[in-house]
Amino acid sequence: MAASIFLFFLLLSVFSTVVVIAQQRNSNITLGSSLSPTTNTTTWLSSSRRFAFGFYQEGNSFAVGIWFAGIPQKTVVWTSNEDNPHVPSNVTLLLTINGLSLRTAQGQDRSISDNTGQVSSASMLDTGNFVLYNSKFEIIWQSFDSPTNTILQGQRLMAGEELFSSISESDHSKGRFRFKMQHDGNLVQYPIQTPDTAPYAYWASGTNGAGHNVTLNLDDDGQLYLVNSTGFNIRTLSKSDGSLPTNRTIFYRMTLDVDGIFRLYSHTLDHNGNWSIVMESSTDKCLPKGLCGVNGYCTLIDQDPDCRCLPGFHFINQGDSTQGCEREDNVENCGSKKGPFKYSMYTLENTEWEDDPYSIVTLNTKEECEGVCLGDCNCEAAMFENQLCKKQKLPLRYGKRTPRDSRTAFIKVGAPPNNNEPTETAKEESKERKKDLVKYILIPGISFVACAFIIIGISGILFYRHRALAYQKVSEQRNIGLIEDMSLQSFTYDALEKATDGFKEVVGRGSFGTVFKGALSNSQRLIAVKRLEKVVDEGEREFQTEMRAIGRTHHRNLVQLLGYCHEGHNRLLVYEYMSNGSLADFLFKAQQCPNWTERVETALNIARGILYLHEECETQIIHCDIKPQNILMDEYGCAKIADFGLAKLLKPDQTKTFTGIRGTRGYVAPEWHCNLPITVKADVYSFGIVLLEIICCRKSLDMELVENEVVLVDWVCQCFDANELGKLVTNEEVDMKKFERMVRVALWCIQDEPSLRPSMKKVVLMLEGTIDIPTPPSPTSFLSSI
């Protein structure tokens, strides 16, 4: 009898264990289950309903993630695809045998889980971990293995893994800071897109050398600590409070916050209050490097961070000072300035910046350092400390006010400083000069004025007669609509024929005409005369368009129009002469490829010129034919865009226009071939191709190369996907960090889907390093869906 009772309880115990295991393993999500952001089924909840997995709204779009659902304050702890988490409202989230995937309205699937093996079921656990099971109820993928900005109780940050801050509290895209568990055992905080080296770190656990498999752990009781491969606790970051219950009524999370500081939070479910800070990596909120963006620096006011701009700069986004600063005025290189007082130096004491000099000079005083930078055209800022003068270029990064620091920064600004009140000696000298003016100038001046009145009277008569003739001439040409552009000079055909020696020297040919070199007889100034050859139909209309557009456009990166000729069937345009040929000559015909610095500056010049056409001139202009042959180089090597007046103009109330295919094969955006509306994004595409040619210093199509390198775009994409960008810059030393940034910009520009391409304003900011650049998707997804 006793044996029977024992056997009964033994079987009951085994059965209970099996049931518990099955309950743990069984999932409440079966294959074929789906979620949609626009239906009632938007989430999968954990059994206690404390965590939710599914769609949550971010602005005008949605994202897929995990968040605390059992508390009033919505707190996202995991986000799918941090690089680009936003998805439209017409997608569906599916659980299939291949894992989790997003299906678009066109039926295309994008995986959001990298599971190995076939999926049988899934579950949203009460720990905040979303898991996928195979048929043996083994976990083959879990969100805990791919953390984003948070780790939860029971979760580990493994060696080699990183957390990334979000852009903002309302946008969980990848932000500006990262938190890495390094393979050397050190837990370190860095700005995004920096190497894992000490100069870029702003916080570290100090456990480097502790082993290759150190992990960061968060226990149920709130203890945050580092453990080595033997299980030994090598450092405790936050100790547990033994008085706090551990029965899931208190939750802990460690999050790398938007401001770059990581914090451990706790929340008591019964109280329905806010999250409480248990510990934080620093109380100095200016500590994170790059908090205020480029050309900005952080200073503490009542322990709160306040971002400020360098002198002569203003915030890029007045509503968000952390995005950095840009110059208030366009200050050209001092080599193109005349006169010695076009620049001055502004002093910033006790500020710390990234140590990235291009030249270091040993000097005795900071005044000497200031003078050395002022006299160097390449120097835009200088840092002086311990008799070392470090000359740097803009943008400056990682600025921070450090009151007890001995460093002094000098910033070159484009206007002379305000002078102090004049000294007494200066005042006496001024009085003497005034006496001399009366003695030597006033008396002769009276005689001169009398003569001038006589001359003015005679000139008035002549002017009246000339004005009548001029009025008659303008009236005859009123159909051109150029009265508002009278700053342009009107040339006769004979004058231009003489200036070009009978149109003798051809310097270029284009789709609308031929360009000749010439010189103005009155000033010997070199000019380029473009004779339009299609003047009956398209040519004449384009001529009138160009006149109206170019007469109102002025920018240092656009070729300047000096005048025109409109006589009978003759239509000619007179431009400034560009002595260094085209960008194509600069890149492809020179014996030696231009150096990296020159190419970077050239790319920025072109981008700024296109930005002006798109957003800053009076009438928005789409160029439609951006290519190296239409970008000319002046005597200083500055790139300027030509032929923009031949583009289709947009009226102020328009955003797109339909037109026939224009441009040059290889640089034409895909939408030209699909009879789709053409917007400014067509120019962005063409610029992306040109940018790749500039940074790689080769043509977009080169049949002399091996097969997989013939098409530049394909070759760059292969190298980028394989993380082998070094193959693109053989036989040349470049800044690989900047090189990768420019490749990323180019790949965003050449996206087949126009809406994915950035605006030229954003392109300029990305090239300048002002804003971070997420990883671009494959650029060929658009055409395949048309």
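No experiment lies behind these values; they were computed from the predicted model shown.

Novice: Go over the packing of helix H10 (residues 736–749) against helix H11 (residues 760–768), please, and point to the residues and values.
Specialist: When two helices pack together, their arrangement is given by the angle between the helix axes and the distance between those axes. At a closest axis distance of 9 Å, the pairing of H10 and H11 adopts a crossing angle of 165°. In terms of their interaxial angle, H10 and H11 are classed as roughly antiparallel. Note that H10 runs across H11; the crossing there is right-handed. Of the residues in H11, those in contact with Arg741, Met742, Val745 and Cys749 of H10 are Val763, Met766, Leu767 and Glu768. Among the residues making up the contact of H10 with H11, the classes are represented as six nonpolar, no polar and two charged.

Novice: Any details on the packing of aromatic side chains? Residues and values, ideally.
Specialist: On inspection of all chains with the given rule, the structure shows 19 aromatic pairs. When the ring of Phe68 is compared with that of Trp275, the centres are 5.0 Å apart and the planes differ by 65°; the resulting orientation is edge-to-face. One end of the pair, Phe68, is in strand E5 (residues 61–68); the other, Trp275, is in the loop between strand E23 (262–268) and strand E24 (276–280), with 207 residues separating them in the sequence. As far as the burial class goes, Phe68 and Trp275 line up, both buried. A network of ring pairs unites the aromatic residues Trp44, Phe53, Trp78, Phe130 and Trp141 as a single cluster.

Novice: So, the sheet that holds strand E10 (residues 121–124): which residues are in play, and what are the values?
Specialist: Pairing is antiparallel across the open sheet formed by four strands, whose spatial order is E1-E10-E11-E12. What marks the edges here is a single partner per strand, and that holds for strand E1 (29–30) and strand E12 (139–142). Pairing geometry for strand E11 (residues 130–133) and E12, over three bridges, is antiparallel. In the strand pairing of E12, Val131 is matched with Gln142.

Novice: Give a description of the packing of helix H8 (residues 681–696) against H11 that names residues and reports values.
Specialist: Closest axis-to-axis distance for the H8/H11 pair is 11 Å, and the angle between their directions is 25°. Of the possible angle classes, the one that applies to H8 and H11 is roughly parallel. Considering how the two elements wind past one another, H8 and H11 form a crossing that is right-handed. Between H8 and H11, the residues in contact are Val684, Phe687 and Leu691 and Met760, Val763 and Leu767, respectively. For the contact of H8 with H11, the class distribution of residues is six nonpolar, no polar and no charged.

Novice: Tell me about the pattern of salt bridges, and name the residues and values.
Specialist: Using the criterion set out here, one finds 27 salt bridges in the structure. The salt bridge involving Lys285 is made with Asp304; its shortest N-O contact spans 3.7 Å. Of this pair, Lys285 sits in the loop between E24 and strand E25 (296–301) while Asp304 sits in strand E26 (residues 304–309), placing them 19 residues apart in sequence. Of the residues examined, Lys285 reaches a relative accessible area of 27% and is grouped as partly exposed. Exposure remark for Asp304: the relative accessible area of 43% places this residue in the partly exposed category. The shortest N-O distance in the salt bridge between Asp643 and Lys530 comes to 2.7 Å. Placement of the pair is Asp643 in the loop between strand E43 (639–641) and H8 and Lys530 in strand E39 (residues 526–532), with a sequence separation of 113 residues. With respect to class, Asp643 is no different from Lys530; both count as buried.

Rules of the game
Residues numbered from 1 in each chain as written. Predicted model: local features only at pLDDT ≥ 70, side-chain atom pairs only at ≥ 80, totals over all residues. Heavy atoms only, no water. Axes fitted to C-alpha atoms, helices over the stretch in contact; angles between N-to-C directions. Helix = DSSP H or I, 4+ residues; strand = E, 2+ residues; numbered from the N terminus. Parallel < 35°, antiparallel > 145°, perpendicular 65-115°, else oblique. Left-handed = near helix turned anticlockwise from the far one by under 90°. Contact = heavy atoms within 4.5 Å. Nonpolar A, V, L, I, M, F, W, Y, C, P; charged D, E, K, R; others polar. Phe/Tyr/Trp six-rings, centres within 6.5 Å; stacked < 30°, edge-to-face > 60°. Buried < 20%, exposed > 50% of the residue type's maximum accessible area, 1.4 Å probe, protein only. Pairing = 2+ DSSP bridges. Salt bridge = Lys/Arg side-chain N within 4 Å of Asp/Glu carboxyl O.

Note that every value here comes from positions in space, so none of it alone points to a role or purpose.
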